[in-house]
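Fold and geometry: a report
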Amino acid sequence: MKTERESSRVYPGQVNRKYQIDTEANRRFLEEIRENLLSFGHRFPSPGGSSYYLGDDGTPWKERGRETWITSRMVHVYSLGSLLGHQGSEELVDAGLRGLWEELQDRQNGGWYAGLTGENQVMPDKQCYAHAFVILAAASAVLAGRPGAEELLNEALRIYDLQFWNEQEGLSCDTWNTEFTVLEDYRGLNANMHTVEAFLAVADTVGDERYRLRAGRIIDHVLEWSAGNEWRIPEHFTKEWNVDLNRNQDRPEDPFKPYGATPGHGIEWARLIVQWALSTYSKDRKKALPYLEASENLYGRAIADAWKADGAPGIVYTTDWKGKPVVHDRMHWTLAEAINTSASLYHITGKPEYGDQYAEFMEYLDEKVLDHVKGSWFHQMDRHNQVIGTVWPGKSDLYHAVQATLIPLYVPNLSIASAVRAGFLYR
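Residues numbered from 1 in each chain as written. Predicted model: local features only at pLDDT ≥ 70, side-chain atom pairs only at ≥ 80, totals over all residues. Heavy atoms only, no water.

Turning our eyes to something else, we now look at the overall build of the protein chain. Summing up its helical and strand segments, the protein chain has 14 helices and 13 strands in all. Over its C-alpha trace the protein chain gives a radius of gyration of 20 Å, about what one expects of a compact globule, namely 22 Å for 427 residues. Taking all 427 residues of the protein chain together, the buried fraction comes to 60%. Look at the contacts in the protein chain between residues 6 or more apart in sequence, and 64% of them connect residues 24 or more apart. Seen as two clouds, the 45 positive and the 60 negative side-chain charges of the protein chain have centres 4 Å apart. (Helix = DSSP H or I, 4+ residues; strand = E, 2+ residues; numbered from the N terminus. Rg over C-alpha atoms; globule rule 2.2 N^0.38 Å. Buried < 20%, exposed > 50% of the residue type's maximum accessible area, 1.4 Å probe, protein only. Contact = heavy atoms within 4.5 Å. Lys, Arg positive; Asp, Glu negative; His and termini not counted. Charge placed at Lys NZ, Arg CZ, Asp CG, Glu CD.)

This part covers the packing of aromatic side chains. A full pass over the atoms with the stated rule returns 25 aromatic pairs. Relative to Phe237, the ring of Trp225 lies with its centre 4.4 Å away and its plane at 45°, an arrangement referred to as tilted. Here Trp225, found in helix H8 (residues 210–227), pairs with Phe237, found in strand E10 (residues 236–237); they are twelve residues apart in sequence, far enough to count as distant. Each member of the pair Trp225 and Phe237 is classed as buried. Their ring planes at 70° and their centres at 5.6 Å tell us that Tyr299 and Tyr354 sit as a pair that is edge-to-face. In this pair, Tyr299 is assigned in helix H10 (residues 285–306) and Tyr354 in helix H12 (residues 352–369), connecting sequence segments 55 residues apart. Here the two residues Tyr299 and Tyr354 agree in accessibility, since each one is buried. Chaining the aromatic ring pairs together yields one cluster made of Tyr160, Phe164, Trp165, Trp176, Phe180, Phe199 and Tyr211. Positioned over the ring face of Tyr53 is Arg64, at 3.9 Å from the centre of the ring. Cation over ring: Lys257 sits above Tyr186, and NZ or CZ is 4.1 Å from the ring centre. (Phe/Tyr/Trp six-rings, centres within 6.5 Å; stacked < 30°, edge-to-face > 60°. Lys NZ or Arg CZ within 6 Å of the ring centre and 35° of its normal.)

Take it as geometry only, folks, not as evidence of what the structure does.
Now the structure itself:
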C-alpha cells in the first residue's frame, strides 16, 4: 500500500494533481490559498472603516491613501468570506460599509471621493472605476445579509445612472471633477470592464435585467473594436469614442492607463463575456456561440502574446499593437484572471488545452507568485520573476487573488458572490 507521500509524488512528465482542474487535490489547494488570503487581510479597516493599503506582511501602510476602490474590493472579498463561513468576515464587511457610507461618501455633491490621503484630505475627482466597485461591494454585501447594504446599492446605482452611464452611447464615461460639474475628455475601457462586472452582479443579485442588457451593449462595442484590431483590445479613447492607440506611450507602466494592449484585460474581458453570454442566452446556445468564440479569440490572443513572451513564465503587463512586450513585469492580477478564464473556457468547451494551461498557471502561482512566508501573493515581479514594487508595492488588496480561488470551482454563468450564495459549484 502506498504512503500519502508516495501517492503524491510527481514524476518527470507528470502534472501534480493539486494543479489539475476539477481534482480534489486542486480544490483543497484553492481552499488553502483562500484561507491564507482572507486571514492576511484582517487588518485592512481604518478606525473610520475605509481600507488601508496593506504592506508585504499585511501591516497597514497608514501613510498611504485610503481609496474607495480598495475599500469596495475588501467589502466584496469579505462578503464572500462571510458566505463561506470565514470567521470575522461580517465585522470586516460592516467596517468597510461604514467607511463607504461615512468617510468616503461626498454628502455635499453626491457619489464617492476617489479616497482620502494619509492626512485625511479628500482626493480629487469622481472616478467611474471606483463607483463601479462600490456597486459590486454593495451587491455582494446584500447577498451576505449585511445591514445597510441594500441602501448602499440603491444609492450607488442612482449616482452611477445619473453621472456615469450614457444611455445613448451604451457606454460609461470615466472621470468627473469632485463637484460633478466638469467631465474629462478621456474615455476608457478599464472602468467599463468593471462596470460590466458590477452590472452583472446587480442583475444576479436583485433581478434587474436592465443592467444585464447594459453590460451586453458595452460588450458589443468591445468586440467590435477588438475584432478589428487582431483581438488586442484598445484601452483608451477620446470623448467621441475614437481609438487613441498612442496614449501614454511616454508612460508605459501607468497602473491604470498604460500604453498599448493589456493582455490581462483581454483575459478578463473574455471571462466576463462568457458569463454574460451564458446568462443572457441560457436557453439559446446558438445566440451565445458567437460571444463564446469571441471570448476564445480574446483569451487566445492574450496568452499567445503575453505568456512566457520573453522566455520566462509569467504574463507580461503590456505589449505594443503587434504583440511585442513593452512592459515585461508580471502583475499578480493578470495571473489570477488567467486562472479564472482558463477554468471557465475549459468548463464550457471541454478543450484539453485550457485545462493544461490552468495547470501551468497554478504551478507558476505556487512556485513564484504565492508568498509562502508572509502570506498573500506578490503583486509585481520583473521579467526574471524577482519581486519589485515600482507600480504595485506591497499587497494592496485581495480582490483578484480571492476570486481566483473561487471562480474555477463555480458555474461560469453567475457572478461569483451569487454563485457562492446559491452553492452552485461546477459539476
